[in-house]
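Given next are the chains, with one letter for each unit.
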Amino acid sequence: MTPHIAIIGGGYSGTLQAINLLALTDARVTLIERDRLARGVAYSTPSAEHLLNVRAAGMSAYPDRPSHFAEWLEAKGLGGPDSFAQRRVYGTYLAEQLDAARREQGTRLSLVTGEAVDVAQEGTQEVVILTDGSRIPADIAILSIGNLAPDVPGFIARAHLPEGVYVADPWAGPILDGLTDKDMVLLIGTGLTAIDAALMLDTGGFRGHILALSRRGLLPRAHVAPASGVPAPDGLVPACLPLLKAVRGSAGTHGWRAAVDSLRPHTQRLWSEATIGERRRFLRHLRPWWDVHRHRIAPEIAARIDGMIAEDRLRVAAGKIVSLAGAEEGADISWRPRHSAEPETLRVRRIVNCTGPQSDITHAPDLLIRNLIASGRIRPDACRIGIDVDAGCRAFDAQGDANATLYAIGPMTKSAWWEIVAVPDLRVQTRALAERMEAAGPFPPAAP
C-alpha cells in the first residue's frame, strides 16, 4: 500500500519537503497551507525593494544542484549569481519548482487550502484536523510551521490606543494608511523586520520621521563583495567565551565577516554539542550580536537605510519604553535611551511591531502548537525556542519518546540545530528527511 504523508505548512520548508518526497519516495503527499503556498511570509512580499539577504549563487532549492537558482535567474534576465534577487522573484522560482513536481508526479500530490489546528493519533495513523472540522488521515505528519508570529509587547497590551495606531504585523497591517509627512512612526525593533518596514514606508512615499527602537539599537550589517573563504579558528569548542575569543582573534586577521562566515560549517555541530547552560547563555547575551553579523542585508538595502539616516528621516536608537498612552489619532510615548537616566517623550501616529518571530514556543499564538503541547504530542525544548526533536526530525512527546509518525522541520527545529532558517540549511534538512524515509522502507520509518 502506498504510504501517505501530510505536510502541515506550505511555505519554503514544506514546499521543499513535498518536492523531495515526490522525487525520492513513492509516497502520496498532501501539502496543507492556509494562504501562502510555496512562498511563506518571506517570499510573498509584493515589494520590489525587498531583496534576498543571500546572493543568488547560494539560493538553489537543491543541494546537489547549487547553481540552479542562479541559472534560473539568469535565464529570465533578472540577475546573475552575485546579485541579491527580489524576494518575490524567489517566491516565483519556488512555485515553479512545485508546479514542475506536480506535473511530473501526477496524482501523488494533493494541495489543501486550510488551517490545521490539531494532529491526533488514531491507531497507527496521524489525523490532521482543520478549522472547518475536516480530517485528513495520513501515515506520517510533518510539521512545517515556519516562524511564529511576533509577540505583543507588554506595554502595547496594557495600553488603550485609538484604532489604527498599532500594527501587529507589518506584512498585513495598514502600515501607511492615513500617514502624513508631519507624522512620526515608531518601529519596535531594529532587526530585519524593521529594515523591511522602513523600506515599505520609504517606498510608499512617507517622508515623515521614523524612530526604530530596541534594547541595543543594533542594525543588521551589510554584505560586501564576496571574499575567499578562510578556515575556522582552531580548537572550536561549544562554549560562549572561548568561541567569542576565537572569532575576535580571527576577525583581527581576516575581518569580522570572514571570521563569522568561517563558523558556518561548524555552527550546527557546536550548538548540538553545547550544554543547555551554554545555549541559554548564548541566547541571553550573544544572540543579538550574532543575528546582526550573521544575517546580513544586501549592499543596496544598506545604502537606502544609510541614506534615510543621513537625511534625518530614520533614527535608530537603543532604549526602553517607559510609558505609553493613547492620544488623539496616535500615542504619547516616554522612552529612556540606553545608559541614560533621562527619558525622552514624543507623539507617534503609528506603532509597528518589528520584534520578529516569537522566541518562546510556550507563548505561541498558533492554535496547532498550543493543542499539540497541551495533549503531550510535542514538547518545547529546554530553551523553549522550538519543538524538541531528535536527529531524525522526529518530535519528542511529553514523556521524552520520539514519535515515528510525527515529525517537524524548518525554523521550529532550531532547538536541535540553531542554524536552520536559511535556504542552505533547509534544503539539506528536507532532502535528508526524504532520503531517510525512502531508505526506511515500509512506513512508519525506523529510527535513524
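An unreviewed UniProt entry annotates the chain as FAD/NAD(P)-binding protein of Allosphingosinicella flava.

A. Inspection of the state of the cysteines at higher detail. Tallied over the full model, the rule gives zero disulfides. In this structure Cys240 is a free cysteine whose sulfur lies 11 Å from that of Cys383, the closest cysteine sulfur available. Residue class for Cys240 comes out buried when judged on its relative accessible area of 8%. The closest cysteine sulfur to the non-disulfide-bonded Cys393 is located on Cys383, 18 Å from its own sulfur. The exposure class assigned to Cys393 is buried, which follows from its relative accessible area of 1%.

B. Just the nonpolar core, in detail. Ranked by size, the top nonpolar core spans 68 residues in total, and within it Phe69, Ile142 and Leu143 carry the most contacts. For Leu143, the contacting residues outside a window of four places in its chain are Ile8, Val119, Leu368, Leu372, Ile378, Ile387, Leu406, Tyr407, Ala408 and Ile409.

C. A look at the sheet that holds strand β5 (residues 125-130). Spatial strand order, β4-β5-β6: three strands in an open sheet with antiparallel pairing. Two strands in the sheet have a free side with no partner beyond their single neighbour: β4 (116-122) and β6 (135-138). The sheet shows a mean angle of 25° between the axes of neighbouring strands, direction not considered. As judged from the six bridges shared by β4 and β5, these two strands associate in the antiparallel manner. Looking across to β5, one finds that Glu122 is bridged to Gln125.

Cut-offs and rules
Residues numbered from 1 in each chain as written. Predicted model: local features only at pLDDT ≥ 70, side-chain atom pairs only at ≥ 80, totals over all residues. Heavy atoms only, no water. Disulfide = S-S within 2.5 Å. Buried < 20%, exposed > 50% of the residue type's maximum accessible area, 1.4 Å probe, protein only. Core = buried A, V, L, I, M, F, W, Y, C linked by side-chain atoms within 4.5 Å. Contact = heavy atoms within 4.5 Å. Pairing = 2+ DSSP bridges. Helix = DSSP H or I, 4+ residues; strand = E, 2+ residues; numbered from the N terminus. Axes fitted to C-alpha atoms, helices over the stretch in contact; angles between N-to-C directions.

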